[in-house]
Amino acid sequence: MPDSGTALNTIAAQTARAVEAKPANAAVVFTASATGGEGVSSAIDLRSFSVNVDEPPTLGGGDSAPNPVEYYLAALLSCQVVTYRFWAERLGLEITKLSLTGEGDLDVRGFFGLDDGVRAGFTEVRVTVDIEGPESPERYRELQEVVDAHCPVHDLTTNPTPVVTSLQVAGA
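How each quantity is defined
Residues numbered from 1 in each chain as written. Predicted model: local features only at pLDDT ≥ 70, side-chain atom pairs only at ≥ 80, totals over all residues. Heavy atoms only, no water. Salt bridge = Lys/Arg side-chain N within 4 Å of Asp/Glu carboxyl O. Helix = DSSP H or I, 4+ residues; strand = E, 2+ residues; numbered from the N terminus. Buried < 20%, exposed > 50% of the residue type's maximum accessible area, 1.4 Å probe, protein only. Axes fitted to C-alpha atoms, helices over the stretch in contact; angles between N-to-C directions. Parallel < 35°, antiparallel > 145°, perpendicular 65-115°, else oblique. Left-handed = near helix turned anticlockwise from the far one by under 90°. Contact = heavy atoms within 4.5 Å. Nonpolar A, V, L, I, M, F, W, Y, C, P; charged D, E, K, R; others polar. Patch = residues over 30% accessible without salt bridge, like charges linked within 9 Å, V, L, I, M, F, W, Y side chains within 5 Å. Areas by Shrake-Rupley, 256 points an atom, 1.4 Å probe, with all protein chains shown as cover. Pairing = 2+ DSSP bridges. Expected span 1.5 Å × (residues − 1). Arc of directions from axis to C-beta. Lys, Arg positive; Asp, Glu negative; His and termini not counted. Core = buried A, V, L, I, M, F, W, Y, C linked by side-chain atoms within 4.5 Å.

Caption draft 1: Examining the pattern of salt bridges more closely. Summed over the entire model, instances satisfying the criterion amount to seven salt bridges. For Arg126, the salt bridge is made with Glu103, and the minimal N-O distance between the two is 3.1 Å. Of the two residues, Arg126 is situated in strand 5 (residues 122-132) and Glu103 in strand 4 (residues 97-106); the sequence distance between them amounts to 23 residues. Overall, Arg126 belongs to the partly exposed group, its relative accessible area being 27%. Measuring nitrogen to oxygen at the nearest pair gives 2.5 Å for the salt bridge that ties Asp107 to Arg109.

Caption draft 2: Structural detail: the packing of helix 2 (residues 68-91) against helix 4 (residues 137-150). The N-to-C vectors of helix 2 and helix 4 enclose an angle of 125 degrees; their axes lie 9 Å apart at closest approach. Looking at the two axes, helix 2 sits oblique to helix 4. For the element pair helix 2 and helix 4, the recorded crossing hand is right-handed. Touching Gln80, Thr83, Tyr84, Trp87, Ala88 and Leu91 of helix 2 are Arg139, Leu143, Gln144, Val146, Val147, Asp148 and His150, all from helix 4. Across the contact of helix 2 with helix 4, the residue classes break down as seven nonpolar, four polar and two charged.

Caption draft 3: Region of the structure containing a nonpolar patch on the surface. On the surface, a cluster of nonpolar side chains totalling about 490 Å² of accessible area is made up of Leu106, Val108, Phe111, Phe112 and Leu114. Within the secondary structure, Phe112 is located in the loop between helix 3 (108-111) and strand 5.

Caption draft 4: Inspection of the sheet that holds strand 3 (residues 49-53) at higher detail. The strand order across the open sheet built from three strands is 1-2-3, with neighbouring strands paired in antiparallel fashion. The strands lining the two open edges of the sheet, one partner per strand, are strand 1 (33-36) and strand 3. Taking the axes of each pair of neighbouring strands and ignoring which way they run, one obtains an average angle of 20 degrees across the sheet. In terms of strand pairing, strand 2 (residues 42-46) meets strand 3 through five bridges, oriented antiparallel. Bridging from a neighbouring strand, Ala43 pairs with Asn52 of strand 3.

Caption draft 5: Molecular detail of helix 4. An ideal rise of 1.5 Å per residue puts 20 Å on 14 residues; helix 4 measures up with 20 Å between its terminal C-alpha atoms. Here helix 4 has its buried residues at Tyr140, Leu143 and Val147. Along the long axis of helix 4, the arc covered by the buried residues comes to 50 degrees, so they all point the same way. Set apart from the buried face of helix 4 by more than 90 degrees, the exposed residues are Glu145 and Ala149.

Caption draft 6: Spotlight on the side chain of Asp54. Its location among the elements puts Asp54 in the loop between strand 3 and helix 2. Salt bridges are absent for the buried Asp54, whose nearest opposite-charge side chain, Arg119, sits at 22 Å. Leave out the neighbours within four places in its chain, and Asp54 touches Val40, Ser41, Gly61, Gly62, Asp63, Ser64, Ala65, Pro66, Asn67 and Pro68.

Caption draft 7: Layout of the packing of helix 1 (residues 7-21) against helix 2. Relative orientation of the contacting elements helix 1 and helix 2 amounts to 90 degrees, with a least axis distance of 8 Å. Our classification of the angle between helix 1 and helix 2 gives roughly perpendicular. In contact with Ala7, Leu8, Asn9 and Ala12 of helix 1, helix 2 contributes Arg85, Phe86, Glu89 and Arg90.

Caption draft 8: Inspection of the nonpolar core at higher detail. Grouped together as the largest cluster of nonpolar side chains are 11 residues: Leu77, Tyr84, Trp87, Ala88, Leu93, Ile95, Leu98, Leu100, Tyr140, Leu143 and Val147. Looking at this core, the elements with two or more residues in it are helix 2, strand 4 and helix 4. The contacts of Ile95, once residues within four sequence positions are left out, are Tyr84, Arg85, Ala88, Ile131, Glu132, Tyr140 and Leu143.

Here's what the structure looks like:
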């Protein structure tokens with residue numbers, strides 16, 4: 001991967017060299033921890049950051065913070081922004097304005113166990129990307145295809161990801 005001297009391309013080139021020298025350098029582990037709070041709220045620790053999570057009253061919460069699926073939308077949109085910026089720079093495309101909106105459809109019958117045939121998560125997520133710059137619409141469509149193919153949170157949604165849960169019961 002050539003280093004064009006731009007900030008993100010330099011990071012990509014350094015990463016490529018590090019992975020080539022030692023393939024184990026490609027593996028990164030991210031962690032989070034959660035502590036239950038009042039009602040259905042929780043406090044989440046991510047590296048040196050903390051976020052709070054709650055539900056609206058209609059889902060049993062106190063509406064003191066965004067809920068988990070709202071954080072998912074935030075994660076998807078913010079990951080798309082990062083991936084648009086990274087790949088635009090890598091492909092030599094200029095972006096003068098970038099904004100995204102997302103919405104997801106959720107049928108609460110799945111969460112509440114009212115119908116086992118209804119999935120608990122979103123049935124559809126729609127992302128709208130508003131992009132401006134001097135490039136042709138075709139080039140921005142190419143960029144969108146590359147972003148959708150390389151965005152980690154998009155990948156988490158469109159491909160099955162194994163989740164292994166272990167239960168540790170105090171005193172057991």
